[in-house]
Amino acid sequence: MDTLLLVLNAGSSSVKFAAYGDGLEEICSGQAEGLLTAPRFQARRQGCEAESHTIPATGHDAAIAFLASWLRGAFPGTGLSAVGHRVVHGGDPAPGPSLVTDDLLVRLQALIPQMPLHLPHNLAPIHILRRLLPGLPQVACFDTSFHRTMPRVEQLFAIPRALIAEGVRRYGFHGLSYQYVARRLCEVAPEVAGRRVVIAHLGSGASMCAVEGGRSVATTMGFTGLDGLPMGTRPGAIDPGILLYLMEAKGLDARAMEDFLYRRSGLLGLSGGISNDMRELLASDAPEAAEAVDFFVHRCCREIGSLTAALHGLDALVFTAGIGERSAAIRAAICRGLDWLGVELDDAANAANAATISRPESRVAVLVVPTDENRVIAEDTRSLVQGKERAP
Ligand code: ADP
């Protein structure tokens, strides 16, 4: 192995990473977390025990420097060929994976007011690596790119046109996950991959995407990652009148509203503070926990109905991400709510987290496809960097 291709997914207090060898085989992965308080570095090399270290200083700079030096120590004589970054938003119109240039950074920087909670953190390691390793090719892969194919009617909100022209429209997110699952579907279920599919990305952030012919035609998240399904701490779609009420009657300002929408609502809020974690809610005897789970399932069924209308029918439903890949109970409850669509679950296959969990006679195929956003970023980064090398 001569070089490593590194993939980074940076958030406010963590940086997740994976590194790939010359044949794009994953050779290690891990994360630096607690970056603002007590930074720890955890990594697992293929075939080795997991390791954990204290990072000597707080902040993204220290974490990236620690990762670079850990990689040098773990794989001596191996240099970085390129770095691919997960970036939540690429602007309007959404670009595909893009080589990081001064121009791109200026455009992304201008989007920060639209994505203040995610974008600055996604961009932090790009800036740090430009300083640490100038000349290293870096590629930005956007969560919005996959949804570029949505028809205009799916991208609109019924608001004054001047705002739409400014870029206030539905972008959709989790696109790297949908891209991976849509590609994987061609291998695991070619008979449905090109047909009308709803992919349910159910993690602590949750959304769904209607896919036809492998392309996004509708999705539940919107201008930000707040719309659509209820999530760990976000409410999903709510009556915007509630926000007016909170401003007028309770005096909430923008910061307090952000806290309400991103950190205090969703499963955590509805369960009365029991948990934002689906596993803990499922294990709890409290009626509030049961109600939060029931609400989540109900909203999933409603959104699948809506996406089925956008697709004019449904041939396959695919579950992915933490809850979608691992919770047989939630999948079963959602499938029960879809009996009107002709969904018939194979209970034993579902309990075993099998790849296909519907019965052969089910009118809608139901599948479980584990997602891997890092692989999409690695593949897109390599294609872009190799393409650049080949270009005259
Ligand atoms: P993120 O959006 O942070 O990447 P994940 O895709 O890892 O999140 O999903 C996290 C969610 O998956 C949490 O709510 C967690 O409780 C849930 N989860 C993971 N395993 C299970 C399980 N076996 N049963 C139910 N929920 C699970």
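Residues numbered from 1 in each chain as written. Predicted model: local features only at pLDDT ≥ 70, side-chain atom pairs only at ≥ 80, totals over all residues. Heavy atoms only, no water.

Counted by the stated rule, this structure contains seven aromatic pairs. An aromatic cluster is present here, built from Phe17, Phe41, Phe66, Trp70 and Phe75 joined pairwise through their rings. (Phe/Tyr/Trp six-rings, centres within 6.5 Å; stacked < 30°, edge-to-face > 60°.)

With an omega dihedral of -5°, the bond running from aspartate 92 to proline 93 counts as a cis peptide bond. Turning to its location among the elements, proline 93 is positioned in the loop between strand 6 (79–87) and strand 7 (98–99). Even without being a glycine, histidine 174 presents a positive backbone phi close to 60°. Phi at histidine 312 is positive, roughly 60°, even though this residue is not glycine. Locating histidine 312 in the fold gives a position in the loop between helix 12 (287–311) and strand 12 (316–320). Exposure remark for histidine 312: the relative accessible area of 69% places this residue in the exposed category. (Helix = DSSP H or I, 4+ residues; strand = E, 2+ residues; numbered from the N terminus. Buried < 20%, exposed > 50% of the residue type's maximum accessible area, 1.4 Å probe, protein only.)

This part covers the nonpolar core. The biggest cluster of nonpolar side chains holds 58 residues, and the ones touching the most others in it are Leu202, Met208, Phe296, Ile304, Phe319 and Ile334. Looking at this core element by element, the count peaks at 10 residues for helix 12. With 30 residues, the next largest nonpolar core counts Leu24, Cys209, Ile377 and Val385 among its residues. (Core = buried A, V, L, I, M, F, W, Y, C linked by side-chain atoms within 4.5 Å.)

Taken together, five strands build an open sheet; the order of strands is 11-10-9-12-13 and the sheet is mixed. Edge positions in the open sheet fall to strand 11 (215–219) and strand 13 (365–368), since each of these has one partner strand only. Each strand axis lies, on average, 25° off the axis of its neighbour in the sheet, ignoring direction. Packing of helix 12 onto the sheet brings it into contact with strand 9 (196–202), strand 10 (206–212), strand 11 and strand 12, and relative to strand 10 it is tilted by some 20°. (Pairing = 2+ DSSP bridges. Axes fitted to C-alpha atoms, helices over the stretch in contact; angles between N-to-C directions. Contact = heavy atoms within 4.5 Å.)

Taken together, Gly203, Ser204, Gly205, Asp277, Met278, Arg279, Leu282, Ala321, Gly322, Ile323, Arg326 and Ser327 make up all the residues around the ligand. Note that an oxygen atom of the ligand is positioned 3.4 Å from one of the backbone N or O atoms of glycine 205. In the model, an oxygen atom of the ligand is placed 2.9 Å from a nitrogen or oxygen of the glycine 322 main chain. Burial of the ligand by the protein amounts to 71% of the accessible area it has alone, namely 580 Å². Within the residue set of the shell around the ligand, elements represented by two or more residues are helix 11 (278–283) and helix 13 (321–326). (Near = heavy atom within 4 Å. Polar contact = N/O pair within 3.5 Å; in protein donor to acceptor, adjacent residues only side chain to side chain. Areas by Shrake-Rupley, 256 points an atom, 1.4 Å probe, with all protein chains shown as cover.)

Quick look at the pairing of strand 8 (residues 138–142) now. In regular strands, side chains alternate between the two faces of the sheet. Counting buried positions along strand 8 gives five out of five residues, so the element sits mostly inside the fold. Of the strand pairs in this sheet, strand 6 and strand 8 are connected by five bridges, and their pairing is parallel. The partner of arginine 86 across the bridge, within strand 8, is cysteine 141. The sheet contact formed by strand 7 and strand 8 spans two bridges and is antiparallel. The residue of strand 8 that forms the bridge with serine 98 is alanine 140.

Taken in spatial order, the eight strands of this open sheet run 5-4-3-2-1-6-8-7, and their pairing is mixed. In this open sheet, the two edge strands, each paired with only one partner strand, are strand 5 (51–54) and strand 7. The pairing of strand 2 (residues 14–20) with strand 3 (residues 26–33) spans seven bridges and is classified as antiparallel. Bridge pairing in strand 3 places valine 15 opposite alanine 32. Lying over the sheet, helix 1 (residues 60–74) contacts strand 1 (3–10), strand 2, strand 3, strand 4 (40–45), strand 5 and strand 6, oriented at roughly 30° with respect to strand 4. Sheet contacts for helix 3 (residues 119–132): strand 1, strand 6 and strand 8; angle to strand 6, the most-contacted strand, approximately 160°.

For the structure shown, the criterion picks out 20 salt bridges. For aspartate 61, the salt bridge goes to arginine 131, with nearest N and O atoms at 2.7 Å. Placement of the pair is aspartate 61 in helix 1 and arginine 131 in helix 3, with a sequence separation of 70 residues. Residue class for aspartate 61 comes out partly exposed when judged on its relative accessible area of 43%. The class of arginine 131 is exposed, set by a relative accessible area of 57%. One salt-bridge network, held together by shared partners, links Arg255, Glu258, Asp259, Arg263 and Arg264. (Salt bridge = Lys/Arg side-chain N within 4 Å of Asp/Glu carboxyl O.)

The interhelical angle for the contact between helix 1 and helix 3, taken along N-to-C directions, is 55°, at an axis separation of 10 Å. Taken together, the axes of helix 1 and helix 3 are oblique relative to one another. Of the two possible hands of crossing, helix 1 and helix 3 adopt the one that is right-handed. Together, His60, Asp61, Ile64 and Ala65 of helix 1 and His121, Ala124, Pro125, Ile128, Leu129, Arg131 and Leu132 of helix 3 make up the contact between the two elements. Of the residues contributing to the contact of helix 1 with helix 3, the split by class is seven nonpolar, two polar and two charged. (Parallel < 35°, antiparallel > 145°, perpendicular 65-115°, else oblique. Left-handed = near helix turned anticlockwise from the far one by under 90°. Nonpolar A, V, L, I, M, F, W, Y, C, P; charged D, E, K, R; others polar.)

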